[in-house]
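Chain by chain, the residues:
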Amino acid sequence: PGAAVEPVRVHRHRTAMTRTELSKPSRQAMECGILSEGKTVFDYGCGLGTDADALRTLGYEVAARDPAYLPAAPKKVADGVNLGYVLNVIEKPAERIAVLVAAWAHAREALVISTMISGKESYDYVREHGDGVLTSRNTFQKYFEPAEIQGLIESALDSDAYPLGIGIYAVFKDPKAGQAFLASRTRRHIDWEQLSSRLGFLRPKKRAGVVDLYETNKDLLDE
């Protein structure tokens, strides 16, 4: 018999990112009104806690927990729960479902889920591991197809998942709230430059003469 194969140790904590601005899921949730003043927030798997710190600075009541960086923090029930880029770093499919269900149990009103999506791979060196890949730093990434992650969410939670952006979904505890969100969905105008200034974040300035492709094709891209 051949030599025993050593089990691969996945370093999930190494996937936590150092950011200088609010994450896209949090910005999308604010623009869609899911996160609004007076609502409590629980960041489930907060990583280094950038979003939690930023939202507190903006006046939100925020709880946060991460198994690597804030393991002693309690899990709290909140109006809105953020499960941001957590499912894609879990190498065990059954554990992904368990974490998704647990996050849902802590949401009074809505759960926002975000994952990495196929086509967004950015690693030079990877090797297959389960249904995803291992990077050179022994971090795991699962890149979902949009229909795959939406189907997983709806199957696990027995609720409709509403897309907020690429790889970002919202699920509502009250089905009527979900239907109302879909029927009246509008984006609030948020001055992100001014907001980032309040938070002390530095955002790159636009170069003069560069066409803003979003503004030029706003109707098409929104659709």
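Scroll up to find the structure.
For clarity, every value in this text was computed on a predicted model and none was experimentally measured.

Novice: Explain a nonpolar patch on the surface here, please?
Specialist: Together, Leu-48, Tyr-69 and Leu-70 make up a nonpolar patch on the protein surface, roughly 250 Å² of accessible area in all. Positionally, Tyr-69 belongs in the loop between strand S2 (61–65) and strand S3 (78–84). Look at Tyr-69 and you get partly exposed, because its relative accessible area is 36%.

Novice: Explain empty space enclosed by the protein here, please?
Specialist: Empty space left among the atoms is revealed by rolling a probe the size of a water molecule over them. Per the stated rule, a full pass over the model turns up 2 cavities of 30 Å³ or more. Considered as a void within the structure, the largest cavity measures approximately 60 Å³ in volume. If you go around the largest cavity, the residues you meet are Pro-25, Ser-26, Ala-29, Ile-34, Leu-35, Val-41, Gly-80, Val-81, Asn-82, Ala-110 and Val-112. Of all the elements in the fold, those that place two or more residues in the lining of the largest cavity are helix H1 (24–31), S3 and strand S4 (107–114). Of the residues belonging to the lining of the largest cavity, the class tally is 8 nonpolar, 3 polar and no charged.

Novice: Just checking my understanding: could you explain the sheet that holds strand S7 (residues 140–141) for this structure?
Specialist: Think of a sheet as strands paired side by side through backbone hydrogen bonds, with each pair either parallel or antiparallel. The strand order across the open sheet built from 3 strands is S5-S6-S7, with neighbouring strands paired in antiparallel fashion. Edge strands, defined here as strands with exactly one partner in the open sheet, are strand S5 (126–129) and S7. Sheet topology places strand S6 (residues 132–135) next to S7; 2 bridges connect them, and they run antiparallel. Opposite Leu-134, over in S7, you have Phe-140 as the bridge partner.

What counts, and at which threshold
- Residues numbered from 1 in each chain as written.
- Predicted model: local features only at pLDDT ≥ 70, side-chain atom pairs only at ≥ 80, totals over all residues.
- Heavy atoms only, no water.
- Patch = residues over 30% accessible without salt bridge, like charges linked within 9 Å, V, L, I, M, F, W, Y side chains within 5 Å.
- Areas by Shrake-Rupley, 256 points an atom, 1.4 Å probe, with all protein chains shown as cover.
- Salt bridge = Lys/Arg side-chain N within 4 Å of Asp/Glu carboxyl O.
- Helix = DSSP H or I, 4+ residues; strand = E, 2+ residues; numbered from the N terminus.
- Buried < 20%, exposed > 50% of the residue type's maximum accessible area, 1.4 Å probe, protein only.
- 1 Å grid on protein atoms, 1.4 Å probe; cavity = no way out; pocket = protein on both sides within 12 Å on 5 of 7 lines; lining within 4 Å.
- Points joined across faces, edges and corners; volume = space filled by probe spheres on them.
- Nonpolar A, V, L, I, M, F, W, Y, C, P; charged D, E, K, R; others polar.
- Pairing = 2+ DSSP bridges.

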